[in-house]
Amino acid sequence: MSERKRGWKTLPKGAVPYKSSKDYQTGDWGVAKPIIDRTRCSKCTLCHFFCPEGAITVRVDGYTEVNYDYCKGCGVCANECPVKCIKMEMKK
Amino acid sequence: MSEITLKEMSRKPDALICGGRLCAGCDETIVVRQVMKATRGPTIVTSATGCLEVSTSIFPYTSWEVPWMHCAFENVAALASGIEATIKAMHKKKEGPLAKYPTVDVISFAGDGGTYDIGLQALSGAIERGHDFTYVLIDNEAYMNTGIQRSGGTPFGASTTTSPAGKVILGKTETKKPIDEIIIAHGTPYVATINTAWPLDVMKKARKAIEVDGPTFLHSLAPCSRGWRFPPEKTVEIGRLATQTCVFPLFECRQEKGKPVYELSAPSLAIAKRPENKKPIEAYLEQQGRYRHFFRPARKEALLKELQESIDTRWQILCEKAGV
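The notes below deal with the structure included here.

Thresholds applied
Residues numbered from 1 in each chain as written. Chains lettered and ligands numbered in written order. Predicted model: local features only at pLDDT ≥ 70, side-chain atom pairs only at ≥ 80, totals over all residues. Helix = DSSP H or I, 4+ residues; strand = E, 2+ residues; numbered from the N terminus. Rg over C-alpha atoms; globule rule 2.2 N^0.38 Å. Buried ≥ 20, exposed ≤ 12 C-beta atoms within 10 Å, placed from the backbone. Contact = placed C-beta atoms within 7 Å. Axes fitted to C-alpha atoms, helices over the stretch in contact; angles between N-to-C directions. Parallel < 35°, antiparallel > 145°, perpendicular 65-115°, else oblique.

1. A short note on the overall build of chain B
Now for step 1: Along the backbone of chain B there are 13 helices and 9 strands.
Now for step 2: Whereas a compact globule of 324 residues would reach a radius of gyration of roughly 20 Å, chain B reaches 20 Å, a difference of no more than 12%.
Now for step 3: Each principal axis of the C-alpha distribution contributes one length, and for chain B these read about 70 × 50 × 40 Å.
Now for step 4: Taking all 324 residues of chain B together, 51% fall into the buried category.
Now for step 5: The contacts of chain B with a sequence gap of at least 6 include a subset with a gap of at least 24, amounting to 68%.

2. Some remarks on the overall build of chain A
Now for step 1: From N to C terminus, chain A includes 2 helices and 5 strands.
Now for step 2: Against the 2.2 N^0.38 benchmark of 12 Å for 92 residues, chain A shows a C-alpha radius of gyration of 17 Å, more extended than a compact globule.
Now for step 3: Judged by the C-alpha coordinates and their principal axes, chain A covers about 55 × 30 × 20 Å.
Now for step 4: Residues classed as buried in chain A amount to 34% of the 92 residues present.
Now for step 5: Of the contacts formed within chain A by residues at least 6 apart in sequence, a portion of 63% connects residues at least 24 apart.

3. So, helix α2 (residues 27-37) of chain B
Now for step 1: For α2 of chain B, a buried count of 11 out of 11 residues is recorded, marking the element as mostly surrounded by other parts of the structure.
Now for step 2: Of the positions making up α2 of chain B, those classed as buried are Asp27, Glu28, Thr29, Ile30, Val31, Val32, Arg33, Gln34, Val35, Met36 and Lys37 of chain B.

4. Brief notes about the environment of aspartate 28 of chain A
Residues and elements named next belong to chain A.
Now for step 1: With respect to the helices, strands and loops of the structure, aspartate 28 is situated in the loop between β1 (19-20) and β2 (32-36).
Now for step 2: Looking at aspartate 28, the number of C-beta atoms within 10 Å reads 11, which means it is exposed.
Now for step 3: Between the C-alpha atoms of aspartate 28 and tyrosine 68, which are 40 residues apart in sequence, the distance is 8.6 Å.

5. Focus on the packing of helix α4 (residues 76-93) of chain B against helix α6 (residues 120-129) of chain B
Residues and elements named next belong to chain B.
Now for step 1: At a minimum axis distance of 7 Å, the contact between α4 and α6 shows a crossing angle of 30 degrees. One way to sum up the angle between α4 and α6 is to call them roughly parallel. For the pair formed by α4 and α6, the contact residues are Val76, Ala77, Ala78, Ala80 and Ser81 on the first element and Ala122, Leu123, Gly125, Ala126 and Arg129 on the second.

Following this line, the structure appears as structure tokens:
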């Protein structure tokens, strides 16, 4: 946020956003973070579809992985996991 | 074009990426992510004013990985019509930047305010003109973005900031607009209701809607933790309960020889075949703070019974239409 903001001469016309929201990390919003227990995970990938943030991605080996830079800690994944292998842990 | 399976779709990159500023546990992004998984290739998205627009495109950031355009509250369908007409013209003349793509999907996302109340005439016009686009209604049953004001989509009895439950009224005194019936009455080729609790069903319906030539309409329920007053982790659970209690039944409607043909989707068909699996309305209402006045300080039996009866009647009518 510290860099100088672009003025009207250099901004694109028509209010077109020029930055990806990946530069804006929302990971510090939540008070809890999900921990996946891979020993019990059945690789159903439902948490990937239910994640409101798109912060849960599927790895090459089929397991899912949480990107804590963006996870807002809502807990939908832990609530919906069919085998209950995701646990919400309070951040320290 | 990939086949719709959970495994196949989980590998497809999201069209809406991380870093948006919607509330934790918002269902709108779940709807968008699941619907956008079903696109066939190049896609142009238009979006009406609402939570989705204000939080995914805060200048200078954007969360969209596809061409995306915002317009005023009332004209999202008109904007989509214009884009679709442009694509058609480019294909016909075989020139222009979009002429090289055999198919370009046009998808509109709008909230219930932008569909039930403000955007209805643009939507009605676009459907009447027969533009080939998919309209996705993300129905969170009030104007959540501006502070939970009632809309045409707010159900009977729900407490909002402009229909507060108290001594004079018990939440909204009017019933919800039957938007699906209004759209089906236009002769829309494909209308379906979707619920994010069943991702495969959502993606299959979205793919069908995109493939159909002509205007299509998807109605999704989007539980809102702020406006409906429940903890954010319950978002999908409450959505699932809405279908299990038949408040929001899942169905598809196609047009065959000018006649609407209804078909119940698997989660609702299971309830129609085994009525004992239908949950009572309390299961859905008790979880939400916007219906708190139904249970506290005293349980309002008469009101609950009235509500249950109206839900049963609507469910009965739908079952009859679907021939179950």
